[in-house]
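The lines below spell out each chain.
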Amino acid sequence: MKRALVTGGSRGIGYAIAEQLKEAGYEVFSPTRQELDLSNKSSVQNFANAHSGDVFDVIVNNAGINDINDIDKITDDEIERAMQTNLVSPMMLLRAFVPQMKLQNYGRIVNIGSIWGIVSKRGRVVYSATKHGIHGLTKTLAVELAEYNILVNTVCPGFTLTELTKKNNTDEEIAKISLNIPMGRMAESEEIASMVCYLVSDKNTYATGQLIAVDGGFTSI
Ligand code: NAP
């Protein structure tokens, strides 16, 4: 049975990814925040040490935070927390678990980006920087790891109807945003998860280093 590590699997897109991978027959390990706090470097290092013997065939760096602030209002803490959670910790996790993938000559990695890692919007200085950064990580690893049959891609969700989106936006606000999406609606988490599951499956034997937007056409306008 193949083993998958999925961060941020408690809800939203990560939950849908974990569920679809389980349905596809993977053993999914999705650590809680107590087991792995991505905003805390020591927690990531401790997690890596505690699981140093573990072999993961699939790693999905999904967890992420999105604080919105203009450049002149951003605090050092916001910058450090978002950089650590969205970019540095995924890099540390891959540093820890890629050697095992290399030994078994097999691996599938998906890093979750964002439409704000393709285009941007006011207030997304830090978030956008981390999401552009994660694709740099993807591309470099795709080049470095291709000879080990390890494929690495970025999936960029568009506006997705997670519980958080529903909590933070009224139905009217969701309808207004949807007017700017060619598909005329937001994504369901399962629609993002399907793309991730394809990319990490054995059906994907050659796509690597790619940034794939699942955004209903939003970034094509
Ligand atoms: P979400 O509903 O806010 O859930 C975030 C997940 O990340 C939760 O499982 C949360 O765990 C975990 N997490 C957050 N901070 C963490 C930390 N410090 N340590 C460990 N886990 C942490 O997120 P989502 O909307 O599904 O987004 C998932 C990914 O898609 C993110 O990378 C996000 O940037 C990206 N994305 C989302 C959208 C969207 O519209 N939803 C659009 C574009 C991109 P807890 O349960 O412990 O809080």
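Residues numbered from 1 in each chain as written. Predicted model: local features only at pLDDT ≥ 70, side-chain atom pairs only at ≥ 80, totals over all residues. Heavy atoms only, no water.

J.: Would you take a moment to explain the environment of Thr205 for this structure?
T.: Structurally, the position occupied by Thr205 is in the loop between α7 (189-200) and β6 (211-214). As for Thr205 and Asn149, which are separated by 56 residues in sequence, their C-alpha atoms are 8.4 Å apart. Apart from residues no more than four positions distant in its own chain, Thr205 is found in contact with Arg108 and Leu151. (Helix = DSSP H or I, 4+ residues; strand = E, 2+ residues; numbered from the N terminus. Contact = heavy atoms within 4.5 Å.)

J.: Can you walk me through the nonpolar core in this structure?
T.: Side chains of nonpolar character tend, in soluble globular proteins, to be buried together. Counting 23 residues, the largest nonpolar core has Ile59 and Ile109 as the members making the most contacts within it. If you list the elements that add at least two residues to this core, you get α2 (41-50), α3 (76-104), α4 (125-145) and β5 (150-157). When residues in this core are grouped by element, the largest group, 7 residues, is from α3. When neighbours within four sequence positions are excluded, Ile109 is seen to be in contact with Ile59, Leu94, Val98, Met101, Leu145, Ile150, Leu151, Val152 and Asn153. By size, the runner-up hydrophobic cluster in this structure holds 22 residues, among which are Ala16, Ile17, Leu21 and Val200. (Core = buried A, V, L, I, M, F, W, Y, C linked by side-chain atoms within 4.5 Å. Buried < 20%, exposed > 50% of the residue type's maximum accessible area, 1.4 Å probe, protein only.)

J.: Sorry if this is basic, but what is going on with empty space enclosed by the protein here?
T.: Over the atoms rolls a probe the size of a water molecule, and its path tells where empty space is left. Evaluation of the coordinates by the stated rule reveals 1 cavity of 30 Å³ or more. One number sums up the size of the largest cavity: a volume of about 40 Å³. In terms of lining residues, the largest cavity is bounded by Asp67, Asn69, Ile74, Glu78, Ala82 and Val126. Looking at side-chain class alone, the lining of the largest cavity contains 3 nonpolar, 1 polar and 2 charged residues. (1 Å grid on protein atoms, 1.4 Å probe; cavity = no way out; pocket = protein on both sides within 12 Å on 5 of 7 lines; lining within 4 Å. Points joined across faces, edges and corners; volume = space filled by probe spheres on them. Nonpolar A, V, L, I, M, F, W, Y, C, P; charged D, E, K, R; others polar.)

J.: I'm lost on the site of the ligand in this one. Help?
T.: Taken together, 26 residues surround the ligand, and among them Ser10, Arg11, Arg33, Asn62 and Tyr127 come closest. Ser10 places a side-chain nitrogen or oxygen 2.5 Å from an oxygen atom of the ligand. Within the side chain of Arg11, an N or O atom sits 2.6 Å from an oxygen atom of the ligand. Within the complex, 86% of the 900 Å² of free accessible area of the ligand lies under protein. Those elements that place two or more of their residues in the shell around the ligand are α1 (12-23) and α4. Classifying every residue of the shell around the ligand by side-chain character gives 10 nonpolar, 12 polar and 4 charged. (Near = heavy atom within 4 Å. Polar contact = N/O pair within 3.5 Å; in protein donor to acceptor, adjacent residues only side chain to side chain. Areas by Shrake-Rupley, 256 points an atom, 1.4 Å probe, with all protein chains shown as cover.)

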